[in-house]
Amino acid sequence: MGDLLYAFTEWLRTTQLTELALAISNHPLSIWIGSHFWAIPIIQTLHILAIAAAFGSVVMINLRILGLSGKRSTMTQVSRRYLPWIWWALLVLVLTGIGMVIGEPVRELINPVFWVKMVLVIGVVLVSLWFQATVRRNMAQWEVTHDGRVAIRIGAVGIILLWCMVMFAGRWIAYAPV
Amino acid sequence: MDLASVWQALETSAVGSFVAESAWAFPTIESLHVIAIVTVIGTIAIMDLRLLGLASRDRAVTAMSNDTLPWTWGAFVIAAITGSLLFVSKASGYMANPYFLAKMAMLVCAGLNMAILHLSVWRTVHHWDSNQAVPTAAKVAGALSLFFWILVVFFGRAIGFTLGIYE
């Protein structure tokens, strides 16, 4: 696994990303972040708080689907309460994420784990959009029965696990072989 | 008893040296720690926002508490276990770090805040459970909870940038 990631890093170094990372690191904004010790920790704190808002909401919606929480609320109430928080938090995550890339472009862009995380993020967003549409179609039926079909339950567990993988990869960016 | 030798004993213990020396143990436990803390704060914030009247206003306070609290506590147990494992790997370093001590202080404050809420205004929760205005004391508790937990994250992240500076 380590060897594979190292080979990935070697390949990233041969791409245009190297020039891009160097160009970003010469930008005044990158220099400003780099010269202020607390800039990166503060951006990371905001990033983690946004994950807390998004993941907390993801957990509450999916626990409702699994019938493990919020049973006295309708599916409509639960999704109306938590869905906007997920998408707004995602916006904050993207903005703070861009801030981290600008602050430390080489550490992020020439990092195999960063790209693994990006693929996982796109995956979780696409799966969530599809899942959201499916849940919406079945919402009326669920108001009565409280729980959906097996496939939907697997989807609910899968989305929680995908988010956990995103966070796992996020933390491992700091430990990648670069 | 000399506390410094206690921290050193933890570091040289089988668990402490394993976490410190293994290539994958620390990052893996740290990842689980982040997932657990994010779950704790995400679910607590849902409750705090209800107390502040900023979200879930159409739902009873006790219903929100029943929906979130078991998951908050479950995640907290995982955060405490993983946090302890990270701690023993560099116990003296953490104890010398002001941000680690500040994080622990914020955890104590968050715990006390929750205890005070439950021993005081929460006793009459059935009078203000739904529809009625939340008493000011409960709103203050909600706001303080958000404040303390935000600082837990900030100090937690600050530790990673300052470990080793204060030894």
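First, a word on scope: everything that follows refers to the structure included in this document. (Residues numbered from 1 in each chain as written. Chains lettered and ligands numbered in written order. Predicted model: local features only at pLDDT ≥ 70, side-chain atom pairs only at ≥ 80, totals over all residues.)

### A closer look at the interface of chain B and chain A
Okay, step 1: With 24 residues of chain B at the contact, the number on the chain A side is 23 residues.
Okay, step 2: Looking at the side of chain B that touches chain A, the elements that each hand over two or more residues are α3 (25–51), α4 (61–89) and α7 (136–162) of chain B.
Okay, step 3: The element best represented in the side of chain B that touches chain A is α3(B), accounting for 12 residues.
Okay, step 4: A breakdown of the residues in the side of chain B that touches chain A according to their chemical character gives 15 nonpolar, five polar and four charged. (Contact = placed C-beta atoms within 7 Å. Helix = DSSP H or I, 4+ residues; strand = E, 2+ residues; numbered from the N terminus. Nonpolar A, V, L, I, M, F, W, Y, C, P; charged D, E, K, R; others polar.)

### Some remarks on unusual backbone geometry
Residue and element names in this part refer to chain B.
Okay, step 1: One non-glycine residue, S56, adopts positive backbone phi at about 55 degrees.
Okay, step 2: Secondary-structure assignment places S56 in the loop between α3 and α4.
Okay, step 3: Taking the number of C-beta atoms within 10 Å as the measure of exposure, S56 has 23 and is therefore buried. (Buried ≥ 20, exposed ≤ 12 C-beta atoms within 10 Å, placed from the backbone.)

### Side note on helix α4 (residues 39–65) of chain A
A turn of α-helix holds 3.6 residues, and therefore any two residues three or four places apart point the same way.
Residue and element names in this part refer to chain A.
Okay, step 1: Helix length check: α4 (27 residues) gives 39 Å between terminal C-alpha atoms against 39 Å at 1.5 Å per residue, within 8%.
Okay, step 2: Across the 27 residues of α4, 22 count as buried, placing the element largely inside the fold.
Okay, step 3: Taken from the residues just after α4, G67 is the one with a positive phi, measuring 75 degrees. (Expected span 1.5 Å × (residues − 1).)

### With respect to the environment of B:S17
Okay, step 1: With respect to the secondary-structure elements, B:S17 resides in helix α2 (residues 14–21).
Okay, step 2: The sequence separation of B:S17 and B:W71 amounts to 54 residues, and the corresponding C-alpha distance is 31 Å.

### Some points on the nonpolar core
Okay, step 1: Counting residues in hydrophobic clusters, the biggest one holds 78 residues, and the most contacted among them are A:I51, A:A52, A:A54, B:V38 and B:I41.
Okay, step 2: It is α4(A) that contributes the most residues to this core, 14 residues altogether. (Core = buried A, V, L, I, M, F, W, Y, C linked by C-beta atoms within 7 Å.)

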